[in-house]
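Structure assessment
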Amino acid sequence: MTPRLCTAAAACAFAASVIAAAQQPPARLGIGRPATQEEIAARDIDVGPDGAGLPPGRGTAADGAPIYAARCAGCHGKTGREGPNDTLVGRIPGDEFPFARDPKAPKTIGSYWPYATTVFDYIRRAMPPDKPGSLKDDEVYNLTAYLLALNDLIPADAVIDAATLPKVKMPARDHFKPDTRTERGKPR
Ligand code: HEC
């Protein structure tokens, strides 16, 4: 039986409204403030497989090489193959996709990544791990071009920008299904 908090009808109605109000979350908690446009823009950096969201700018492998040597080689190796952290460079003969039967096959940008645009997105948001977000967009384009060239996915002198990057054909492309989930009601 529900315990009674009141006896008179008016008091009961009042008690019921107090309990109902207490069960509703408040409209505002009285903490925080609305984010500014700059703050939103700094976090709204996702790049779609088709290149949606890529910023202005451009890069080449030649300009990426010195940035890579200074900021990436210590963890990923001189040519992206030596580690100690993830191997970034390397193709599998015949561009086969043996990962289901051979989980130890090296997963690199050249062997495993389905979209070139993700290389830009990932480096910009996550690398280097001690200072993510510190690279300028042109530096990220340069690094992306450098890593794609080391994987023999673009010519050494190719210019990479918002128009050319989505057109880079990745060997693993057709081994993945496109992600057609929607965000904020808009198809990706
Ligand atoms: C301090 C060491 C360190 C530095 C410096 C560093 N990385 Fe990394 N990187 C890592 C680690 C560790 C991972 C794996 C992260 C994970 O799996 O969550 C990684 C992952 C990556 C990957 C994804 C690899 C994959 O296939 O999953 C890319 C691409 C990458 N780094 C690029 C770069 C670039 C470009 C730079 C230079 C701007 C850089 N990294 C600098 C440690 C580093």
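Scroll up a little and you will see the structure.
The structure reproduced in this document is the subject of the present report.

1. A word on the overall build of the protein chain
- Scanning the protein chain for helices and strands turns up 7 helices and 2 strands.
- Moving toward the C terminus, one meets the helices and strands of the protein chain in the order α-α-β-α-α-α-α-α-β.
- The C-alpha atoms of the protein chain give 26 Å as radius of gyration, which overshoots the globular expectation for 188 residues (16 Å, by more than 25%).
- Based on the C-alpha atoms only, the size of the protein chain along its principal axes is roughly 85 × 40 × 35 Å.
- The 188 residues of the protein chain split such that 22% are buried.
- Pairs at least 24 residues apart make up 59% of the contacts formed inside the protein chain by residues separated by at least 6 positions.

2. Looking at the packing of helix α3 (residues 61–71) against helix α7 (residues 137–150)
- Contact pair α3 / α7: the axes reach a minimum separation of 7 Å and the direction vectors enclose 100 degrees. Comparing the axis directions of α3 and α7 gives the class roughly perpendicular. Each of Ala61, Asp63, Gly64, Ala65, Ile67 and Tyr68 in α3 lies in contact with α7, whose residues at this interface are Glu139, Asn142, Leu143, Ala145, Tyr146 and Ala149.
- Among the residues making up the contact of α3 with α7, the classes are represented as 8 nonpolar, 2 polar and 2 charged.

3. What about the packing of helix α6 (residues 116–126) against α7?
- Running from amino to carboxyl end, α6 crosses α7 at an angle of 130 degrees, the nearest separation of the two axes being 9 Å. The angle between the axes of α6 and α7 places the two elements in the oblique class. For α6 against α7, the interelement crossing comes out right-handed. Residues Ala116, Val119, Phe120, Ile123 and Arg124 of α6 lie in contact with α7, whose contacting residues are Val140, Tyr141, Leu143, Thr144, Leu147 and Leu148.

4. So, the site of the ligand
- Inspection of the region around the ligand gives 17 residues, with Cys72, Cys75, Asn85, Met127 and Pro128 positioned closest.
- Breaking the shell around the ligand down by element, the ones donating at least two residues are α4 (73–76) and α6.
- In terms of residue class, the shell around the ligand is built from 10 nonpolar, 3 polar and 4 charged.

5. A look at unusual backbone geometry
- The amide bond that connects Gly83 to the next residue, Pro84, takes the cis arrangement and shows omega of 15 degrees.
- If you trace the backbone, Pro84 turns up in the loop between α4 and α5 (109–112).
- That bond from Met127 to Pro128 is cis: its omega, -15 degrees, falls within 30 degrees of zero.
- Located in the positive-phi region is Asp95, a residue other than glycine, with phi close to 50 degrees.
- Structurally, Asp95 is set in the loop between α4 and α5.
- Phi at Asp152 is positive, roughly 55 degrees, even though this residue is not glycine.
- Note that Asp152 resides in the loop between α7 and β2 (160–161).
- Given 13 C-beta atoms within 10 Å, Asp152 falls into the partly exposed group.

6. Side note on α3
- For α3, the complete set of buried residues consists of Ala61, Gly64 and Tyr68. Each buried residue of α3 sits inside an arc of 50 degrees when the element is viewed along its axis, so together they form one side. Exposed residues lying more than 90 degrees from the buried face of α3 are Pro66, Ala69 and Ala70.
- Next to the buried residues of α3 lie β1 (58–59), α4 and α7.

7. Details of α7
- Under the 1.5 Å per step criterion, the end-to-end length of α7 is 20 Å for 14 residues, consistent within 8% with the ideal 20 Å.
- Counting buried residues in α7 gives 11 out of 14 residues, a clear majority hidden from the surface.
- Of all the residues in α7, the buried ones are Val140, Tyr141, Asn142, Leu143, Thr144, Ala145, Tyr146, Leu147, Leu148, Ala149 and Leu150.
- Of the surrounding secondary structure, the elements contacted by the buried residues of α7 are β1, α3, α5, α6 and β2.
- With its phi angle positive at about 55 degrees, Asp152 sits one or two positions after the end of α7.

Conventions adopted
Sequence positions are assigned chain by chain, starting from 1 and proceeding in written order. The predicted nature of this model means local features are confined to residues of pLDDT at least 70 and side-chain atom pairs, given and counted, to a pLDDT of 80 or more, with totals for whole chains, interfaces and linings taken over all residues. By definition, any uninterrupted DSSP run of H or I lasting at least four residues is a helix, any uninterrupted run of E lasting at least two residues is a strand, and each is numbered from the N terminus. Computation of the radius of gyration draws on C-alpha atoms, with the globule rule given as 2.2 Å multiplied by the number of residues to the power 0.38. Buried, partly exposed and exposed are defined by the number of other C-beta atoms within 10 Å of a residue's own C-beta, namely 20 or more, between the two limits, and 12 or fewer respectively, with C-beta atoms placed from the backbone. Residue pairs qualify as contacts under a 7 Å threshold applied to their C-beta atoms, which are placed from the backbone. As a rule, the C-alpha atoms of each element are fitted with a line to give its axis, helices using only the stretch in contact, and angles between N-to-C directions run from 0 to 180 degrees. Roughly parallel covers angles under 35 degrees, roughly antiparallel covers those over 145, roughly perpendicular covers 65 to 115, and oblique covers all other angles. Charged means Asp, Glu, Lys or Arg here, nonpolar means Ala, Val, Leu, Ile, Met, Phe, Trp, Tyr, Cys or Pro, and polar covers whatever is left, Gly included. Crossing handedness is defined as follows: a turn of the near helix away from the far one that is anticlockwise and smaller than a right angle gives a left-handed crossing, while the clockwise case is right-handed. By convention here, the C-beta atom is placed from the backbone, and a residue is near a molecule or strand when that atom is within 6 Å of it. The arc refers to the directions leading from the helix axis to the C-beta atoms. Helices are assigned an expected span. That span is 1.5 Å times one less than the residue count.

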